[in-house]
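A structural walkthrough
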Amino acid sequence: MAAFRRVSGRDGALSMTIVIVGRRSGIRRLTTGERRLICRSSSSTRSEVKVSRKQVEENRSKVLEAAAMLFRERGLEGIGIADLMKAAGLTHGGFYRQFKSKGDFVVEAVRRAYETSSDEIRERIGAPTGDPFATLVRYYVSEEHRDHPGAGCSLATLAVDASRSEDPALRSFFGTIVSRYLDLLVTIMPGEGVADRRSAAVAALSEMVGAVILSRVVPDPSLSREILDSVADDLLAAAGDEPD
């Protein structure tokens, strides 16, 4: 008679133990075929563990993608963990297996949002034709950017939230975002010296972010467009480009 048991190994993986019980002798040694069956079962279980770990990483990425979009749309306090997990197609209970704390999660989601939007900006200004600064202004200070906050710049959607946060890691990362945008602008701004371009970059970034925030908050569509058009024209004229 054969008895089957499933037990956990040191690594947490399941393995199968087969004990052959005879009518008289009680327990006998496993045959070669029986040992092979155990080996195949153990190998299959290790493969399943590897797949599950890969799935964990995929699930984590899904949650960050959902949070990066929804935080920019609704604010850092505008959506709870349960709704974020639901948006990612996962259960609420899986959150704390994916992230150390909510604070760490927020910083990682903001990082994902920044990386996504900055990649798009670099792709736009890296086009072989056209002036990169004018291209940036026309995209950033636009109705397209205004109307799609979930895919836009984190500074124009979450900077105000971050300014009220007591989390030093979050405040630090927003400082990093500002510094990186300024470094980018210095490389594409017109001007004679680095100091002049740096000063112009600070002014340009402040105008662009402020214009988008104001254009989103005013209820009058005409005033919203006026804010965007006026700031874009001013930036382009200052840089020596023709306004649209």
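Per-chain numbering applies: the sequence of each chain, read as written, is numbered from 1 onward. Only residues with pLDDT of at least 70 get local features here, since the model is predicted, and only at 80 or more are side-chain atom pairs given and counted; chain-wide, interface and lining totals rely on the full set of residues. Side-chain measures were taken over the full set of non-hydrogen atoms in the model, leaving aside hydrogen atoms and water.

What follows covers the packing of helix α7 (residues 154-164) against helix α8 (residues 168-188). Every axis in this analysis is a line fitted to C-alpha atoms, fitted for helices over the stretch in contact. Angles between the N-to-C directions lie between 0 and 180 degrees. Helix and strand assignments follow DSSP, with helices taken as H or I runs no shorter than four residues and strands as E runs no shorter than two, numbered in order from the N terminus. With their axes 10 Å apart at the nearest point, α7 and α8 run at an angle of 145 degrees to one another. In the packing of α7 onto α8, the handedness of the crossing is left-handed. Judged by residue contacts, Ser154, Leu155, Leu158, Ala159, Ala162 and Ser163 of α7 engage Leu170, Arg171, Phe174, Ile177, Val178 and Tyr181 from α8. When the residues that make up the contact of α7 with α8 are grouped by side-chain class, the tally is 9 nonpolar, 2 polar and 1 charged. By definition, any crossing whose near helix is turned counterclockwise from its far helix by less than a right angle is left-handed, and any crossing with a clockwise turn is right-handed. Should any heavy atoms of two residues lie within 4.5 Å, those residues are counted as being in contact. Side-chain classes follow a simple rule in which Ala, Val, Leu, Ile, Met, Phe, Trp, Tyr, Cys and Pro form the nonpolar group, Asp, Glu, Lys and Arg form the charged group, and the remainder, Gly included, forms the polar group.

To continue, consider the pattern of salt bridges. What makes a salt bridge here is a side-chain nitrogen of Lys or Arg within 4 Å of a carboxyl oxygen of Asp or Glu, nothing more. Inspection of the entire model under this criterion finds 7 salt bridges. Arg164 is the salt-bridge partner of Asp161, the closest N and O atoms lying 3.2 Å from each other. Highlighted residues: Asp161 and Arg164, both in helix α7, separated by 3 residues, approximately one helical turn. A single network of salt bridges, built from pairs that share partners, joins Glu120, Arg124 and Glu144.

The end-to-end C-alpha distance of helix α4 (residues 102-125), which contains 24 residues, comes to 35 Å, matching closely the 34 Å that a straight helix rising 1.5 Å per residue would cover. Within α4 the residues assigned to the buried category are Phe105, Val106, Val107, Ala109, Val110, Arg112, Ala113, Tyr114, Ser117, Ser118, Ile121 and Ile125. A helix is expected to reach a length of 1.5 Å times the quantity of its residues less one. Note on exposure labels: buried denotes an accessible area under 20% of the residue type's maximum, exposed denotes more than 50%, and partly exposed covers the range between, all computed with a 1.4 Å probe on protein chains only.

Aromatic pairs are defined between Phe, Tyr and Trp rings, using the six-membered ring for Trp, whenever the two ring centres lie within 6.5 Å; interplanar angles under 30 degrees are classed as stacked, those over 60 as edge-to-face, and all others as tilted. Scanning all chains against the criterion turns up 4 aromatic pairs. Seen from their ring centres, Tyr114 and Tyr181 are 6.0 Å apart, and the 85 degrees between their planes marks the pair as edge-to-face. Of the two residues, Tyr114 sits in helix α4 while Tyr181 sits in helix α8, which places them 67 residues apart along the sequence. Like Tyr181, Tyr114 is buried. Among the aromatic residues, those joined into a ring-pair cluster are Phe71, Phe99 and Phe105.

What follows covers helix α5 (residues 132-140). Within the sequence span of α5, burial applies to Phe133, Ala134, Leu136, Val137, Tyr139 and Tyr140. On the buried face of α5, the contacting elements are α4, α6 (143-147), α7, α8, α9 (194-217) and α10 (221-238). Taking the backbone nitrogen of Phe133 as reference, a side-chain oxygen 3.2 Å away marks Asp131 as the first, capping residue of α5. We call two N or O atoms a polar contact when they sit within 3.5 Å, provided that within protein one can donate a hydrogen and the other can accept it, with sequence-adjacent residues counted only if both atoms are side-chain atoms.

This part covers empty space enclosed by the protein. Where empty space is left becomes clear once a probe the size of a water molecule has been rolled over the atoms. Here a cavity means grid points, on a 1 Å grid over the protein atoms only, where a 1.4 Å probe fits yet cannot get out; a pocket means an open set of points with protein on both sides within 12 Å along at least five of seven lines; lining residues are those with an atom within 4 Å of a point. Grid points are joined across faces, edges and corners, and a volume is the space filled by probe spheres set on the points. In the structure shown here, the tally under the stated rule is 2 cavities of 30 Å³ or more. Taken as a whole, the largest cavity encloses approximately 50 Å³ of empty space. Taken together, Tyr114, Ser118, Ile121, Arg122, Arg180, Tyr181 and Leu184 make up the lining of the largest cavity. Listing elements by their share of the lining of the largest cavity, those giving two or more residues are α4 and α8. The element contributing the most residues to the lining of the largest cavity is α4, with 4 residues. Split into classes, the residues belonging to the lining of the largest cavity amount to 4 nonpolar, 1 polar and 2 charged.

Geometrically, a packed helix pair is captured by the angle between its two axes and the distance between the axes. Running from N to C, α4 and α8 point in directions that differ by 10 degrees, and their axes come no closer than 10 Å. As judged from the angle between their axes, α4 and α8 are roughly parallel. Listed contacts from α8 to Val106, Val107, Val110, Arg111, Tyr114, Ser117, Ile121, Arg122 and Ile125 of α4 are Ala169, Leu170, Phe173, Phe174, Ile177, Arg180, Tyr181, Leu184 and Ile188. Looking at the contact of α4 with α8 residue by residue, the class counts come to 14 nonpolar, 1 polar and 3 charged. Under this scheme an angle from 65 to 115 degrees is roughly perpendicular, one under 35 degrees roughly parallel, and one over 145 degrees roughly antiparallel; angles in between are oblique.

What pLDDT expresses is the predictor's confidence in each residue, scored from 0 to 100. Per-residue pLDDT for the protein averages 82, and the proportion of residues at 70 or more is 75%. Least confident of the elements in the protein is strand β2 (residues 14-22), whose mean pLDDT is 46; most confident is α6, at 97. Per-residue pLDDT stays below 50 along residues 2-25; that stretch engages in 40 contacts with residues further than four places along the chain or on separate chains.

This part is about the environment of Ala203. With respect to the secondary-structure elements, Ala203 resides in helix α9. Classification of Ala203 as partly exposed rests on a relative accessible area of 38%.

A separate point is a negative patch on the surface. On the surface, Asp220, Glu226, Asp229, Asp233 and Asp234 cluster together to form a negatively charged patch. Mapped onto the elements of the fold, Asp220 is located in the loop between α9 and α10. Residues form patches when they are more than 30% accessible in relative terms and have no salt bridge. Like charges link within 9 Å. Nonpolar side chains (Val, Leu, Ile, Met, Phe, Trp, Tyr) link within 5 Å. Each accessible area value is a Shrake-Rupley result obtained with a 1.4 Å probe; residue values ignore everything except the protein chains displayed when judging cover. Under this rule, positive means Lys or Arg and negative means Asp or Glu; His and the chain ends count for nothing. In this description, the location of a charge corresponds to atom NZ of lysine, CZ of arginine, CG of aspartate or CD of glutamate.

With that settled, consider the environment of Gly150. Relative to the helices and strands, Gly150 is located in the loop between α6 and α7. Each C-alpha atom, one on Gly150 and one on Gly75, is 10.0 Å from the other, the two residues being 75 residues apart in sequence.

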